[in-house]
Amino acid sequence: MNHHVCIRIALALWCMSAARAGAADSAGAVRDPQPFTFLPELHTAADISRFFFPKSNYFRDVYFLESEMLVEPVWVTYRDVAHCITAFEINPNMGEKTEWNVLFNPHAINFAITTIFEFRLKPLIVQVGEDHRCFHEIDRKEFPTVYWNMLYLAAGSHNMRAGDFGARAVSAGEWSLATRLSWYARWGVFLKGFFGIVEDSNVDFENNRVHEARFRARFGLARWRQGLLAVVGRSRVGLWREPEKEGGDASAYWEQQFGFEASVHKSVRGLAFFVNYILDDIPLYRGQPRFSKDRLLEVGFRVYQ
């Protein structure tokens, strides 16, 4: 997996060198001063949530608390249209072992490094990206490590990020549909051997997903001063193929989340309390619902900018 880290470091260095070159060129150019801007934005988010109503002993052991942390620097932008971005994500999970009298039992953690080329066009935002994600266990070895590399194409509204959505919603004079609605759609294909150039395990290991589409939306229901109440939905659908069925028919899987979010905003910074209910039909992984959260209720809070 080391070569994936090298690729991302090279991309980051390329973005930074492009920013310096653009700044140097623009210093002596009269036609277009400073078309490149280095590190114009930094998006961050962190949340913690508690799960309720586990449907099995496995869910009770695995899903108790979960957190997600995101740091997303925009390394360089060109004419405020083309942006080079890297998203760093960490998602630790804790279970509950009542028979051990252990309340917080670290169970699993996953990491992601996503390289994003984002184009902010007048009607919408378009992204082309590569998502590298790996799933690990903590203090146990019940499953093998799973990791993938996925190429994706995405599009979204200009307020698709939570901070932008909140800032525009509370400051807009007229509460129009464009102000109240935020959306993001993505379709990706999981690389299997990178078109035969390298071994499968170099880019994709123990991953049964073939390709996947997802959609999320946020719709404002009410606002007061700096506060918002919104309904939030997330959908995901994809194809899943067991290793022993390689080359055969793949089965479909899906996930649907819906809930409410109450938030307060100061510019692009926000604090949100959320309730989220999850339904899914994600296949078992080695006999256990490792990637499923079916019928769990999630309650938590999130800070972001």
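Right above here is the structure, for reference.
Quick caveat, the model's predicted, so the values are computed rather than measured.

Student: Please clarify how the overall build of the protein chain should be interpreted in this entry.
Tutor: A tally of regular secondary structure across the protein chain gives five helices and twelve strands. Within the protein chain, the fraction of its 305 residues that count as buried is 43%. Partitioning the intrachain contacts of the protein chain with sequence separation of at least 6 by distance along the chain shows that 61% fall at a separation of at least 24.

Student: Even after reading the chapter, I still don't get a nonpolar patch on the surface, so can you show me in this structure?
Tutor: Judged by side-chain polarity, Val81, Phe119, Leu121, Val128 and Leu153 come together as a nonpolar surface patch covering roughly 390 Å² of accessible area. Following the sequence through the fold, Leu153 ends up in strand E6 (residues 146-156).

Student: I keep staring at the pairing of strand E12 (residues 297-304) and nothing clicks. Help me out?
Tutor: Two faces belong to every sheet, and in a regular strand the side chains alternate between them. In this sheet, E12 lies alongside strand E1 (residues 36-52) in antiparallel orientation, the contact comprising eight bridges. Residue pairing across strands places Ala45 opposite Tyr304, the latter belonging to E12. As judged from the eight bridges shared by strand E11 (residues 269-280) and E12, these two strands associate in the antiparallel manner. The residue bridging Val275 from the neighbouring strand is Val299, located in E12.

Student: What am I meant to see in the environment of His211 here?
Tutor: If you trace the backbone, His211 turns up in strand E8 (residues 209-224). Taking the C-alpha atoms as reference points, His211 and Leu191, 20 residues apart in sequence, are found 9.0 Å from one another. For His211, the contacting residues outside a window of four places in its chain are Trp187, Gly188, Val189, Phe190, Gly238, Leu239 and Tyr253.

Student: Would you mind showing me how to read the packing of aromatic side chains here?
Tutor: Any aromatic ring pair is given by two values, namely how distant the centres are and how the planes are angled relative to each other. Per the counting criterion, the structure on display carries 14 aromatic pairs. Seen in terms of ring centroids, Phe59 and Tyr63 are 5.4 Å apart; in terms of plane orientation they differ by 80 degrees. Their pairing is edge-to-face. We classify Tyr63 as buried; its relative accessible area is 8%. The interplanar angle of 20 degrees and the centroid separation of 5.7 Å between the aromatic rings of Tyr147 and Phe205 together place this pair among those described as stacked. Of this pair, Tyr147 sits in strand E6 while Phe205 sits in the loop between helix H5 (200-203) and E8, placing them 58 residues apart in sequence. A residue is classified by how much of its surface remains accessible, and Phe205, at 33% relative accessible area, is partly exposed. Linked through ring pairs, Phe135, Phe143, Trp148, Phe190, Tyr285 and Phe291 together constitute an aromatic cluster. The ring centre of Phe52 lies 4.6 Å from the NZ or CZ of Arg50, which sits over that ring. Its end group placed over the ring of Phe165, Arg218 keeps NZ or CZ at 5.7 Å from the ring centre.

Quick notes on the rules
Residues numbered from 1 in each chain as written. Predicted model: local features only at pLDDT ≥ 70, side-chain atom pairs only at ≥ 80, totals over all residues. Heavy atoms only, no water. Helix = DSSP H or I, 4+ residues; strand = E, 2+ residues; numbered from the N terminus. Buried < 20%, exposed > 50% of the residue type's maximum accessible area, 1.4 Å probe, protein only. Contact = heavy atoms within 4.5 Å. Patch = residues over 30% accessible without salt bridge, like charges linked within 9 Å, V, L, I, M, F, W, Y side chains within 5 Å. Areas by Shrake-Rupley, 256 points an atom, 1.4 Å probe, with all protein chains shown as cover. Salt bridge = Lys/Arg side-chain N within 4 Å of Asp/Glu carboxyl O. Pairing = 2+ DSSP bridges. Phe/Tyr/Trp six-rings, centres within 6.5 Å; stacked < 30°, edge-to-face > 60°. Lys NZ or Arg CZ within 6 Å of the ring centre and 35° of its normal.

So far we have only geometry, and geometry alone does not tell us how the molecule works.
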